[in-house]
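# Notes for the structure review
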Amino acid sequence: MSDPVSSIRNLGPAYEESCARAGIHSAQELRDLGADEVYGRLLQTGSRPHFIGYYVLVMALQGRPWNDCKGEEKKALRIRFDAIVAASYDKGRSEFEAALDAIGVIEKRR
């Protein structure tokens, strides 16, 4: 059996639930996809963008404490975060619409 998402340091049950809504059900699947792809999927399935949530994920996948991100590294992650949000988050879309899309009932807005 695969290890759950919450087996990764810094990622708890709430993150695991968000990942499940995005179709990510194991720690290995999360590692294989990488932080940027996973975070984009989380946004596309109704999670609201939050920079700390993104860099916690990045640090978790590197096996580092969540608050280890500082200085230039944090600035670079902010640029990546902003790009992911711009590409993956639709402010006009409700969580309900995102859920319907996740189960294949509606198409994504373009």
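Residues numbered from 1 in each chain as written. Predicted model: local features only at pLDDT ≥ 70, side-chain atom pairs only at ≥ 80, totals over all residues. Heavy atoms only, no water.

For the protein, an unreviewed UniProt entry supplies the name TfoX C-terminal domain-containing protein and the organism Falsiruegeria mediterranea M17.

### As for helix α1 (residues 13–21)
For α1, the full list of buried residues reads Tyr15, Ser18 and Cys19. When α1 is viewed along its axis, its buried side chains cluster within an angular range of 100 degrees and face the same direction. Away from its buried face by more than 90 degrees, α1 exposes Pro13, Ala14 and Glu17. Where the residues of α1 are buried, they touch α2 (27–33), α3 (35–44) and α4 (51–61). Of the residues flanking the end of α1, it is Gly23, one or two places downstream, whose phi is positive at about 85 degrees. (Buried < 20%, exposed > 50% of the residue type's maximum accessible area, 1.4 Å probe, protein only. Helix = DSSP H or I, 4+ residues; strand = E, 2+ residues; numbered from the N terminus. Arc of directions from axis to C-beta. Contact = heavy atoms within 4.5 Å.)

### Brief notes about the nonpolar core
Among the nonpolar cores identified, the biggest contains 27 residues, and Leu11, Cys19, Leu30, Tyr39, Tyr54, Leu57 and Leu77 are the most heavily contacted of them. Elements with a contribution of two residues or more to this core: α1, α2, α3, α4 and α5 (71–88). When neighbours within four sequence positions are excluded, Leu77 is seen to be in contact with Phe51, Tyr54, Tyr55, Val58, Met59 and Cys69. (Core = buried A, V, L, I, M, F, W, Y, C linked by side-chain atoms within 4.5 Å.)

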